[in-house]
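# Inside the fold
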Amino acid sequence: MSVRVRFAPSPTGLLHVGALRTALFDHLFAKKHGGVDILRLEDTDRSRFNPDSESEFIESLSFVGIEFDEGPHAGGNFGPYRQSERKAAGLYEPWIAKIMELGAAYKAFETPEELEEMRNVQSANKAQVGYYGGAWRDATPEQVAEAEAAGMPYVIRQRIPRNRTVTMQDPIRGSISWETNLLDDPVLIKADGMPTYHFASMVDDRLMEITHVIRGEEWLSSAPKHLLLLETFGWPAPVILHCPVIVGNDGKKLSKRHGATRVLDYIAEGYLPDALLNFVALIGWSPGDEREDMTMDEMIQAFSLEGLQPSPGRFDIEKLRWLNGAKIRAMEPSVLLAALLSYINRPATMQFWSEKEQEENQPSPTAVRDALLLFARTAIRDRAYALDIVKLEQERVTTLADFGLAGHFFLVDEPEMDPKAVSKWFTQPHVGELFNYLLERLTAPRAPVGGPVDYEHASVEWCEALIRGYAEDKGFEKLGPVVHPTRVALTGKTTGPGLFELMAALGPDRMVARLQRAKALL
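First things first, this report covers the structure right here in the doc. Note that the structure is predicted; figures quoted are calculated from it, not measured.

### Concerning the overall build of the protein chain
- Looking only at helices and strands, the protein chain has 23 helices and eleven strands in total.
- Scaling as 2.2 N^0.38, a compact globule of 522 residues should have a C-alpha radius of gyration of about 24 Å, whereas the protein chain reaches 32 Å, well beyond that.
- On the principal axes, the C-alpha backbone points of the protein chain span a range of 110 × 50 × 35 Å.
- Per-residue burial over the protein chain gives 50% buried out of 522 residues.
- If you take every contact in the protein chain between residues at least 6 apart in sequence, the share linking residues at least 24 apart comes to 73%.

Structure, rendered in structure tokens:
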């Protein structure tokens, strides 16, 4: 059997983590089995239809590396791939007629006010709330004809059989059963003639030859209705599994307070697409071993339905940061630089940081934006210098956005000085002499300071010899009293990349200018 799966979102909003996970599981499963991955837009809810959603889904998923074999943008032999177009093409009409002919559905003419009153009475009587037949489930043909003749609007509801048990085998939940007496009669065709999800999805799955349906557990309560619908038409059910809900670390439904946001916003925040996919895949799925940092190909090879878990998947933003940092550190620096510049040059990146609200204990979004733009301008002038910055900060950042502020002291002529650092280290009695020593040797032509001399490029070895030379000359047993004031003079702070490496990256001219400025502060 050839595997055919479908990602079938309702285009009413933007792509978020839960939908991304479903799309990813579809993709991994299809690729693992050499199958077909389909995008189908279930746009039957016209009141909530968002015209931007379709492009959001396609562009977001493509950007993170999920491409579809069939869909409204890709074509295919099972189109149209928008349900509104399928309805316009009359693809549902034969099946509406068929289910009415079989007596498995009926027309219901209640007004919205009557339905509301029914629910209120059920609630007042502490009865189960839902539509269990009303006046129309067993209405005579004459009553129906009279209502139609009067022009009364109606919906078509599924006639759920009574006194039955419906059972399904969910690959990750095992056997699940429902008593049909507890199931309400869902609407299949709305008053405007548009099919609901319950009807259109099952018909489309059959006509598109879908073999496996991966969907969220919010559809679990609808599963028996769908199985009964398939049974009515005599269609075999595809394999249907229900992914667990995603929760935050506090066990509560995922929300923005847990870090959940639009998929494209994660990209704008500086997360790598492969890191985001890797992270999302592990929310409710295990490869069967201890691996966490995986490539797309590795996830495809490891993926199986048996690896999905029924318990809620936890969204841990710190794990995403860790994964992203690991993937940044694994990149070849020149490739990372290209990715960083591409990230900065995306209009969506700048828009995101321009519009992002300030968060407590976080850098100013506009400061992040400005630092990234400064990095891009620096890279245009001196790509080799930008590459040196990337190499030095690569081990210290967790997102692409971090590079701007982390390497800010490299990008400006006069980095901001930390007052506490200046107060602590510039007041040491030897610091004036240290700065003079460094300036003398940095301005002397090819100053012979130990080891192979490479003044033109201020190699790491040359810079180390320079610092150690002073410490030895002055009898310092430890390098701290020399390293710390030098670092503050060059960067304005006490933390950062290795001193010798950052000195080499800055080069003699920048070091001289910064040491002269620092000397003036003594």
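There's more to say after this.
### Some details on the side chain of His198
- Residue position: His198 is located in helix 7 (residues 197-207).
- By relative accessible area, which is 15% here, His198 ends up buried.
- At 2.9 Å, the side chain of His198 and the side chain of His226 are in polar contact.
- Apart from the residues lying within four places of it in its own chain, the contact partners of His198 are Pro186, Val187, Leu188, Ser222, His226 and Leu229.

### Regarding the pattern of salt bridges
- This structure, assessed with the given rule, holds 31 salt bridges.
- Asp185 is the salt-bridge partner of Arg162, the closest N and O atoms lying 3.4 Å from each other. Of this pair, Arg162 sits in the loop between strand 4 (155-158) and strand 5 (165-170) while Asp185 sits in the loop between strand 6 (174-179) and strand 7 (187-189); the two residues are 23 residues apart in sequence, bridging distant segments of the chain.
- Classification of Asp185 by relative accessible area gives buried; the value is 0%.
- Residue Lys319 pairs with Glu292 through a salt bridge whose shortest N-O separation is 3.0 Å. Remark: Glu292 occurs in the loop between helix 10 (273-281) and helix 11 (296-302) and Lys319 occurs in helix 12 (residues 317-330); sequence separation between them is 27 residues.
- Of the residues examined, Lys319 reaches a relative accessible area of 25% and is grouped as partly exposed.
- Several salt bridges share partner residues, and in doing so they unite Arg6, Arg40, Glu42, Arg86, Asp204 and Asp205 into one network.

### Structural notes on the nonpolar core
- By size, the foremost hydrophobic cluster in this structure holds 68 residues, and its most contacted members are Phe375, Phe410 and Met503.
- With near-sequence residues (within four places) excluded, Met503 lies in contact with Cys463, Leu466, Ile467, Leu490 and Met511.

### So, the pairing of strand 6
- For strand 5 and strand 6, the ladder comprises six bridges, and the chain directions are antiparallel. The partner of Val166 across the bridge, within strand 6, is Trp178.
- The hairpin turn running from strand 5 into strand 6, its antiparallel successor, is three residues long.

### Topic: the packing of aromatic side chains
- All told, the structure shown has 20 aromatic pairs when counted by the stated rule.
- Each ring, one from Trp95 and one from Phe233, has its centre 5.4 Å from the other, and the planes form 75°; the classification is edge-to-face. With a gap of 138 residues between them, Trp95 in helix 4 (residues 93-101) and Phe233 in helix 8 (residues 223-233) connect regions that are remote in the sequence.
- Residue classification places Trp95 among the partly exposed positions, given a relative accessible area of 23%.
- You can call Phe233 buried: its relative accessible area is 12%.
- Note on Phe279 and Phe315: the rings are 5.1 Å apart at their centroids and 80° apart in plane angle, and the pair reads as edge-to-face. On the criterion of sequence distance, the pair formed by Phe279 in helix 10 and Phe315 in the loop between strand 11 (313-314) and helix 12 is long-range, its members being 36 residues apart.

### Topic: the packing of helix 1 (residues 17-32) against helix 10
- The geometry of helix 1 relative to helix 10 is characterised by a closest axis approach of 9 Å and an angle of 90° between their N-to-C directions. The angle between helix 1 and helix 10 falls in the class roughly perpendicular. Here Val17, Leu20, Arg21, Leu24 and Phe25 of helix 1 lie close against helix 10, whose contacting residues are Leu276, Leu277, Val280 and Ala281.
- By residue class, the composition of the contact of helix 1 with helix 10 is eight nonpolar, no polar and one charged.

### Quick look at unusual backbone geometry
- Cis geometry marks the peptide bond from Gly79 to Pro80, where omega comes out at -5°.
- Relative to the assigned elements, Pro80 resides in the loop between helix 2 (53-64) and helix 3 (83-88).
- Within the chain, Glu209 stands out as a residue other than glycine whose phi angle is a positive 60°.
- Inspection of the secondary structure assignment puts Glu209 in the loop between helix 7 and strand 8 (212-216).
- Here Asn361, not a glycine, exhibits a phi torsion of approximately 60°, which is positive.
- Relative to the helices and strands, Asn361 resides in the loop between helix 14 (347-355) and helix 15 (365-381).
- Residue classification places Asn361 among the exposed residues on the basis of a relative accessible area of 72%.

### Here's the deal with helix 2
- In this model, helix 2 (twelve residues) spans 17 Å end to end at C-alpha, consistent with the 16 Å of a helix rising 1.5 Å per residue.
- In this fold, the buried residues of helix 2 make contact with strand 1 (4-7), helix 1, strand 2 (36-39), helix 9 (263-268) and helix 10.
- Once helix 2 finishes, Gly65 follows within two positions and takes phi at roughly 105°, a positive value.

### Side note on the sheet that holds strand 7
- The three strands lie next to each other as 3-4-7, forming an open sheet whose pairing is antiparallel. Of all strands in the sheet, those with a lone pairing partner are strand 3 (105-108) and strand 7, marking the two edges. Taking the axes of each pair of neighbouring strands and ignoring which way they run, one obtains an average angle of 45° across the sheet.
- Both strand 3 and strand 4 contribute to a ladder of four bridges, which runs antiparallel. Within strand 4, the position partnered with Tyr106 by the bridge is Arg157.
- Sheet strands touched by helix 4: strand 3, strand 4 and strand 7. Its angle to strand 3, the strand with the most contacts, is close to 95°.

The rules behind the values
Residues numbered from 1 in each chain as written. Predicted model: local features only at pLDDT ≥ 70, side-chain atom pairs only at ≥ 80, totals over all residues. Heavy atoms only, no water. Helix = DSSP H or I, 4+ residues; strand = E, 2+ residues; numbered from the N terminus. Rg over C-alpha atoms; globule rule 2.2 N^0.38 Å. Buried < 20%, exposed > 50% of the residue type's maximum accessible area, 1.4 Å probe, protein only. Contact = heavy atoms within 4.5 Å. Polar contact = N/O pair within 3.5 Å; in protein donor to acceptor, adjacent residues only side chain to side chain. Salt bridge = Lys/Arg side-chain N within 4 Å of Asp/Glu carboxyl O. Core = buried A, V, L, I, M, F, W, Y, C linked by side-chain atoms within 4.5 Å. Pairing = 2+ DSSP bridges. Phe/Tyr/Trp six-rings, centres within 6.5 Å; stacked < 30°, edge-to-face > 60°. Axes fitted to C-alpha atoms, helices over the stretch in contact; angles between N-to-C directions. Parallel < 35°, antiparallel > 145°, perpendicular 65-115°, else oblique. Nonpolar A, V, L, I, M, F, W, Y, C, P; charged D, E, K, R; others polar. Expected span 1.5 Å × (residues − 1).

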